[in-house]
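Examining the three-dimensional arrangement
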Amino acid sequence: MSVMRLRRAYERQRALAGGDWHARVSVGGSVVVEDDDERVIKGYSVQKLAVAVALLDKSDRGGLDLADRVRLGPGDVLGGSGLYHLQPVWGDELTVAGVLTALLLVSDNTAVRLCGRLVPPAEINEILAAKGFVHTRVEPVGPSRFFLGDTTARETHDLLARLVTGALLAPASTSFLLGVLRGAAGYHDGVRHNMSSAERARVATKHGADRDDRGAARHEAGIVFTPGGHPGAVYALFADGLSDEDDYGPTHPAAAAHARLGQIMLECC
């Protein structure tokens, strides 16, 4: 009954939020929502999941160590989301683990540049291709710099489904990545918005928000765990061509839709 309710709720929330939606949601391994999920779109900051997977894959193969360090200089710093741009001075020596934590927990844009220095964008794309992703790619703009690039809702969903079952990365890397995505200091304006602290801890999530000439884009993808810690629902909710371009908070219609769907997904698990 909850699964049928989730499907109906998705249709209602999509209509209320407007825009163009591209989504894939599964519960217990069975697909519940499948909506234009193979369309290639800009992943925005949800794409940072794929970047992290590529770096951790290289770490799993011994080509990179989470204890390796990279120096943060003024030329690396980008504004927008994150924390490094809030510092008045730079010169930090950051571990790979720290860079990945900032990349995923607070969606730090500066961390994207640091990732490009650690693993070149061409190699990131090679790793993603080797893992079977056809459309999920970063867009190189130099030997060590890139834009976040494209993906599909289906591939993002499948990345998370494979991750949580241990089919994508080594156990330690899987645990690290999911632990950061479930962090209490992470994003709470979407799927987790109307949840208690204990309920939020059951959700690993990554969001992305931006705008283009078609309007606003509000994306979110993640995993809802059962109370016993098993994977329950996997979701990739992408929407673009939306209104309210300047609203990046929980009052945006798409973020409100994600919050409602989050409550129902929790009930399904």
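What counts and what doesn't
- Residues numbered from 1 in each chain as written.
- Predicted model: local features only at pLDDT ≥ 70, side-chain atom pairs only at ≥ 80, totals over all residues.
- Heavy atoms only, no water.
- Buried < 20%, exposed > 50% of the residue type's maximum accessible area, 1.4 Å probe, protein only.
- Helix = DSSP H or I, 4+ residues; strand = E, 2+ residues; numbered from the N terminus.
- Pairing = 2+ DSSP bridges.
- Phe/Tyr/Trp six-rings, centres within 6.5 Å; stacked < 30°, edge-to-face > 60°.
- Lys NZ or Arg CZ within 6 Å of the ring centre and 35° of its normal.

**Some details on the pairing of strand 1 (residues 20–27)**
Burial analysis of strand 1 places 7 of its 8 residues in the buried class, which makes it a mostly covered element. Strand direction decides the pairing type here: strand 1 and strand 10 (residues 231–242), joined by 8 bridges, are antiparallel. Directly across from Trp21, in strand 10, lies its bridge partner Ala239. Across 5 bridges, the pairing between strand 1 and strand 2 (residues 30–35) is antiparallel. Considered in strand 2, the bridge of Ser26 is made with Val31. In textbook terms, the turn of a hairpin is the stretch between consecutive antiparallel strands, and for strand 1 and strand 2 this stretch comprises 2 residues, one of which, Gly28, has a positive phi near 60 degrees.

**Considering the packing of aromatic side chains**
In the structure shown here, the tally under the stated rule is 1 aromatic pair. With a centroid separation of 5.8 Å and 80 degrees between ring planes, the pair formed by Tyr10 and Trp21 is classed as edge-to-face. In this pair, Tyr10 sits in helix 1 (residues 2–17) while Trp21 sits in strand 1, placing the two residues 11 residues apart along the sequence. The ring of Phe225 is capped by Arg182, whose NZ or CZ atom sits 4.2 Å from the centre of that ring. Sitting over the face of the ring of Tyr248, Arg218 holds its NZ or CZ atom 4.3 Å from the ring centroid.

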